Amino acid sequence: MVKYTIKRILMLIPVLLGVSLVVFLIMRVFSPDPAPVVLGEHASTQAMQAWREAHGLNEPIWLQFIDFLKNAVTGNFGVSYYTNQPVSNEIMSRFPATVELAICAIIFASVFGVLLGVVAAVHKNTFADYASTLVALAGISMPIFWLGILLILLFTGTLHLLPSTGRIDPMLQPTGGTGLYLWDTLTSGDFEAFGNAVQHLIMPTLALSLYSMAIITRMTRSSMLDTLNQDYIRTARAKGITRRRVIRHHALRNAMIPITTVIGLQFGSLLGGAVLTETVFAWPGIGKYTVECIQKSDFPVVQAVVLIIATIYVIINLIVDLIYAFLDPRIKYSKEEG
Amino acid sequence: MKNGNIKKLSALILTAAVIGTAMTACGGSKRASSGASGSNSGTVALKDTFTYAQGADPRGLDPAYVDDGESAKVMCNIYEGLLKYSKDSTQVQPCLAEKYEVSADGMTYTFHLRKNVKFHDGTPFNADAVKASIDRQLEPNVSDEMPYASFVFGSIKAKSGVKEVKVVDENTVEIDLFSPETPFIKNVAMVMAAPIASPTALKANNGNLNEKPVGTGPYKFVSWDKGQNIKLVRNDDYWGEKAKTKNVVFRFITENSARDIALTSGEVDAIDGISASDVSQLTGAGDKIFSADGMTINYMAYNVTGTKFKDVAARKAFSQAVNVPELVKSLYKDYATPATSIMPFFMNAGSKDVKSTSFDKAAAKAGLAKAGITSVNMITYSNPRPYNTVGGQVLAEAIQGYLKDVGVTCNIKTYDWTTYKSVVQKGDYDVCFYGWTGDNGDPDNFMNLLDDPDPSMNVAHYNNPDYHALIGKGLTTAAGADRDKIYTQCEQKAADDNVWLVISHAKNLAAYSPKVSGYYYHVTGITPFAGVTVAK
C-alpha cells in the first residue's frame, strides 16, 4: 500500500510537467501580447518593448519555461502582470469560494445521486425508475447557464426567497478565518451570518450539482443493478436478512466502487472552478477569475492556476483509489497488481 | 434509544437548525442596516449602507498604477486631487488646492493648498505630500507599470510636461513645465495619476497603494475581498461636507443580467454598465435610469495610407453610403447620439458648426464606382466597448449592409479586443472600427488622436502638416474662445478629409433604486458617492 502510494505520487511529476508545458505553450503561442493590456492605451511602443524585456518575454520560450519551472518548484508563481500582486495571494483570495461551493455541490450531488440511483435500481421499470432517469436526463441535458438563470428568476425574481449573487451579505462577512464562510460563521457562533451564507449557497449549489448528480444517479443505477443480480445477494435474502439491510449493507457497499470513482472525478472537476455557475451567480471563485486572466493574457496567473488544479485533480484521483481498499477489503495494492 | 435512531434524530435537529437560521436571516433585518441610520433628512429614515454593483474588480487602488474605469469609480471616493471637475462638466474647480495661478508664459503653475487637511492615516496634507505624489511618477522614479504617469505629468526624458515640482512653503507648490501645455490644468483634476496619496502610506507600502489606499477623500478604505466587494467607511474627519451615508460597498457582478436582477431584487442600490436593451426591464421594475452624454466617440477609420482610401473622394463616397442617424437609432436606441463631429458638443460648442459628410446613396454609388471600389477589407473587435455597447462586429455588419446596397462587398474580420489592438498596429486593412473615451475633458485629448505618430492611436494613419500645426497651436494657446476656434478648425479639417466616419457618442447609462437620492455618473466615468443617500 505504501509502495503503491509512493509510486502514484512519483507519477504526479510527469503528469504535472506535461500539463505545465501544454499550458505554457498555449498561452505563449496563442494568447495576445500582454504588454498593451498591462501598460494601457497611452503606452508607447518603446515602453511596451521595455516591459517585455523586463518580464523575460523576449527570451526563447524554452528558457522562459525553465525559469517558470524553477520558480514553481519553490512555490513561487511570480506576480500577476495586471494587478502587480503575488499570484499566490490572488489565487488564495478566491480559492476558498470555489472549495466551499464544490464541497456543497458534491455532497448534494452524491447524497441525492446515490439515493435516486438506488431507488431506480431497486424499483426497476417502475414509475420511480422512470422518474429518476428523467431527473438524470434533465441534469445532463440542461445547460448550467440556463438553469442558473431559471433558478434566479424563480427564487429571486418571483418568490423573493433567495439572493441571486455573491457569497454573503457584505456587512455580515466574516473577517479572517479559513475563507470558508459556513465554517467561519458557524465556529464563531454568528448564526445570522451563517444563515445568510446558506441562503447564498442554495442556488449555486443546485445549479452546479445537477450535472454531477445526474452522472452519479446513472452510475449508481447501473452498478446497483449489476450487484443486485449477484448470487450472494440472493443468498443473503434466502438467509432471511431484511431487504433494506441487504440493499444497504450488501448491495450498495459493493456497488460503491465505480460510484466512488465518479464522485472523485466530479469533485476534481468542480474544484477546477465552475466558470458558468460562478459567472451567473457572481460567485467569486477561481474559475471565473482564470477566464478573466486568460482574456488579459495574464500568463503567470493562468499557468499557476492550471498547475494547482491539475495537482489537486491528480491527488483526488489518488485518494479515490486508496478509498477502494477501505470500501472493498479484497482490493490490495500488492506487487502483482502494481 | 437505538443508535440508529439517535443518528436520525441528530440529523433532523441539525437540518432544522440550518433551515431555521437560513429563514431567520431571510426574514430578519441585516445587521448593518438595522442600526441607527443617522437620518439627517427630516422624516425620511436612511440606510447607513449604499451598495453599488459594477462589472469587475478594480485593477488596483493606487492612482499611479491603474488605468481602468472600475478602479476610478472606487478611487474617486478615497482620493482627491489639487483640483476636481465640476459635477456636470469637465470644468475644473478647487479641491485640495484652494486656488491656483498660471504664469504669463504658461509654464509655471502655483497651487495654494487647503490648510488643516489630513490623510486618512493622520498624516498632514501639505506641499511635501504633493511633491512626493508627483515625483514618484517622474523620472527617475517612474516605472512602466504607471500607465497614466506620462499622460498626466509628461516625461523629463522627453522634455514634456512637468519639469520640476517645487515646495515654496508648507501650503504652496510650484510646478514648472518644459513648455506651455494648456491641458495640464485638466490633467490635475483627473482620477488617474493626479490624486495625492499619503506619503506615510507610500513609504510603508513600498510606494504602491494598490491594496491599501490612503487619501484625503470623503470615504476611507476598509477592506477588499477579491472578486466580491470593497468596503469604504465615511471619513468623519473630512475637511469638507461629510459624506451622507456611513458605509459604501462596491460589489463586483460580471454578468449584465445578474446585475440587473441584483438591483431589482434589492440586493444592491445602484448598478452601472447596463445595456440599452435592459432599460425597459429595469424601469418596468420601478428602478430609475441615469442617462447623460458621455465623453466618447465611436468611429470607423479609413486607412489613408492604404491603396483603396488614399483619395478623399473614395472616402467621402464610402461615408455617403451609410445613413448614420438611422444606424445609431437602430443599434443603440435612444442611448447614443448620432455624431457629426469628433468631440461631443459639450466639450466644444463650435463642433456644432462642423459640416460633415451626410448620407447620399446615389452619390455614394457613383463615387465608389468612379474609384473602382467593389470590395473592402474591414477589421473589427468582438467585445462591447464603452463607446459601442453592441460590440464592433454588430456595427461592422450594419455598415456592411449599407455598402451592399451600393454594390460594395465588405469582408469583415473580427478579433477579441486584446488581439485587435495588436492587429490594428500592423495596418493591414482598408477600414477599421475604433473609438475613444476621453480622459480629461480637454479638446486636445480627442483631436490629437489624428496627429499621433503611434499607429495604435492614430488608426487612420493620418498625417497632415496643417492639422499638425493646428494641434501644436491648440496645445499652447490659453483656454478660451481663441483656443476653441482652433479645435473647431481641426474638426472641420478632419471632416473635409473624411478621415473617419464618425458614428456616435454613447451615453453613460446607470440604474438605481427609487430609494436612492443624489446619485450621478460623472461625464468622465467616475461615481462620487459623498452626496448619496438611501431611504429605508
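Residues numbered from 1 in each chain as written. Chains lettered and ligands numbered in written order. Predicted model: local features only at pLDDT ≥ 70, side-chain atom pairs only at ≥ 80, totals over all residues.

## Regarding the overall build of chain A
Step number 1: Within chain A, the secondary structure is distributed over 15 helices and zero strands.
Step number 2: On the principal axes, the C-alpha backbone points of chain A span a range of 85 × 60 × 40 Å.
Step number 3: In chain A, which comprises 338 residues, the share counted as buried stands at 41%.
Step number 4: Pairs at least 24 residues apart make up 73% of the contacts formed inside chain A by residues separated by at least 6 positions. (Helix = DSSP H or I, 4+ residues; strand = E, 2+ residues; numbered from the N terminus. Buried ≥ 20, exposed ≤ 12 C-beta atoms within 10 Å, placed from the backbone. Contact = placed C-beta atoms within 7 Å.)

## Quick notes on the overall build of chain B
Step number 1: Assigned secondary structure in chain B consists of 17 helices and 21 strands.
Step number 2: The C-alpha radius of gyration computed for chain B amounts to 26 Å, which stays within 12% of the reference 24 Å derived for 536 residues, consistent with globular compactness.
Step number 3: Taken over the C-alpha atoms alone, chain B extends approximately 95 × 65 × 45 Å along its principal axes.
Step number 4: Burial statistics for chain B: of 536 residues in total, 51% are counted as buried. (Rg over C-alpha atoms; globule rule 2.2 N^0.38 Å.)

## Section: the interface of chain B and chain A
Step number 1: With 44 residues of chain B at the contact, the number on the chain A side is 51 residues.
Step number 2: Contributing elements (two or more residues each) for the side of chain B that touches chain A: α1 (3-27), α2 (31-34), α5 (149-153), β10 (229-234), β11 (247-252), α8 (256-264) and α14 (417-426) of chain B.
Step number 3: Tallied by class, the residues present in the side of chain B that touches chain A amount to 14 nonpolar, 15 polar and 15 charged. (Nonpolar A, V, L, I, M, F, W, Y, C, P; charged D, E, K, R; others polar.)

## What about the domain arrangement of chain B?
Residue and element names in this part refer to chain B.
Step number 1: Taken as a whole, chain B is organised into domain 1 (45-55 + 218-293 + 511-534), domain 2 (69-204) and domain 3 (296-508).
Step number 2: Here the C-alpha centre of domain 3 lies 33 Å away from the C-alpha centre of domain 2.
Step number 3: Taken together, the contact pairs 12 residues of domain 2 with 13 residues of domain 3.
Step number 4: Its residues assigned to classes, the side of domain 2 that touches domain 3 comprises five nonpolar, five polar and two charged. (Domains from an automatic or database assignment.)

## Structural notes on the sheet that holds strand β5 (residues 108-113) of chain B
Within a sheet, adjacent strands bond to each other through the backbone by hydrogen bonds, running parallel or antiparallel.
All names here are of chain B.
Step number 1: The sheet built from five strands is open, its strands ordered β4-β5-β8-β7-β6 with antiparallel pairing. The open sheet terminates on both sides in strands that have one partner only, identified here as β4 (97-102) and β6 (154-155).
Step number 2: Summarising the sheet, strand β7 (residues 160-169) and strand β8 (residues 172-177) pair through six bridges and their orientation is antiparallel. Bridging across to β8, Val162 finds its partner in Leu177.
Step number 3: Those strands touched by helix α4 (residues 127-135) are β5, β7 and β8, and its axis lies near 160 degrees from that of β7. (Pairing = 2+ DSSP bridges. Axes fitted to C-alpha atoms, helices over the stretch in contact; angles between N-to-C directions.)

## Brief notes about α14(B)
Step number 1: Taken together, the buried positions of α14(B) are Tyr420(B), Lys421(B) and Val424(B). The buried residues of α14(B) occupy one face: seen down the axis, they fall within an arc of 100 degrees.
Step number 2: Buried residues in α14(B) make contact with α2 (35-39) of chain A together with β16 (375-381), β17 (409-415) and β18 (431-437) of chain B. (Arc of directions from axis to C-beta.)

## Here we look at the environment of Gly217(B)
Residues and elements named next belong to chain B.
Step number 1: Along the chain, the position of Gly217 falls in the loop between α7 (199-204) and β9 (219-225).
Step number 2: Classification of Gly217 by C-beta neighbours within 10 Å gives buried; the count is 27.
Step number 3: As a C-alpha pair, Gly217 and Gly273 span 56 residues in sequence and 25 Å in three-dimensional space.
Step number 4: In this structure, Gly217 is in contact with Asn77, Ile78, Tyr79, Glu80 and Asn235, ignoring residues within four places of it in sequence.

## Considering the packing of helix α7 (residues 127-141) of chain A against helix α10 (residues 191-228) of chain A
Residue and element names in this part refer to chain A.
Step number 1: Running from N to C, α7 and α10 point in directions that differ by 135 degrees, and their axes come no closer than 7 Å. In terms of orientation, α7 lies oblique with respect to α10. Considering the relative orientation of α7 and α10, their crossing is left-handed. Of α10, the residues touching α7 (which contributes Ser132, Val135, Ala136, Gly139 and Ile140) are Leu210, Tyr211, Met213, Ala214, Thr217 and Arg218.
Step number 2: When the residues that make up the contact of α7 with α10 are grouped by side-chain class, the tally is seven nonpolar, three polar and one charged. (Parallel < 35°, antiparallel > 145°, perpendicular 65-115°, else oblique. Left-handed = near helix turned anticlockwise from the far one by under 90°.)

## So, the pairing of strand β1 (residues 49-54) of chain B
Residue and element names in this part refer to chain B.
Step number 1: Summarising burial for β1: six of the six residues are buried, a large majority.
Step number 2: Because side chains alternate across β1, one face comprises the buried residues Thr49, Thr51 and Ala53, and the other comprises Phe50, Tyr52 and Gln54, equally buried.
Step number 3: Looking at chain direction, β1 and β11 are connected through six bridges and run parallel. Directly across from Thr49, in β11, lies its bridge partner Asn247.

## A few points about the pairing of β11(B)
Residue and element names in this part refer to chain B.
Step number 1: Of all six residues in β11, six are buried, a share of seventy percent or more.
Step number 2: Every second residue of β11 is oriented toward a common face, with Asn247, Val249 and Arg251 on one face and Val248, Phe250 and Phe252 on the other, all of them buried.
Step number 3: Relative to β11, β10 is paired through five bridges, and the arrangement is antiparallel. Looking at the pairing, Leu232 lines up with Val248 of β11.

## Side note on unusual backbone geometry
Step number 1: Here Glu139(B) and Pro140(B) are connected by a cis peptide whose omega angle stands at 5 degrees.
Step number 2: Structurally, Pro140(B) is set in the loop between α4 and α5.
Step number 3: One non-glycine residue, His160(A), lies in positive phi territory at about 50 degrees.
Step number 4: Within the secondary structure, His160(A) is located in the loop between α8 (144-158) and α9 (181-187).
Step number 5: Here His160(A) falls in the exposed class, since 11 other C-beta atoms lie within 10 Å of it.
Step number 6: The phi torsion at Ala282(A) lies on the positive side, around 50 degrees, for a residue other than glycine.
Step number 7: For Ala282(A), the position within the fold is in the loop between α13 (275-280) and α14 (286-295).
Step number 8: The class of Ala282(A) is buried, set by 24 C-beta atoms lying within 10 Å.

## Quick look at the environment of Val142(B)
Residue and element names in this part refer to chain B.
Step number 1: Residue position: Val142 is located in the loop between α4 and α5.
Step number 2: A sequence separation of 13 residues divides Val142 from Ser155, and the C-alpha atoms of the two residues are 9.2 Å apart.
Step number 3: Setting aside its immediate chain neighbours within four residues, Val142 contacts Gln137 and Ala149.

## Things to note about the confidence of the model for chain B
Residue and element names in this part refer to chain B.
Step number 1: In the predicted model, chain B carries a mean pLDDT of 89, and 92% of its residues have values of at least 70.
Step number 2: Within the model, the stretch residues 1-41 combines pLDDT values under 50 with 46 contacts to residues more than four positions away or in other chains.
Step number 3: Scored as a complex, the prediction yields pTM 0.85 and ipTM 0.84. (pLDDT = per-residue confidence, 0-100.)

## A short note on the packing of α8(A) against α10(A)
Residue and element names in this part refer to chain A.
Step number 1: At a minimum axis distance of 9 Å, the contact between α8 and α10 shows a crossing angle of 145 degrees. The two elements α8 and α10 meet at a crossing, and its hand is right-handed. On α10, the residues that touch Ile144, Leu147, Gly148, Leu151, Ile152 and Phe155 of α8 are Met203, Leu206, Ala207, Leu208, Leu210 and Tyr211.

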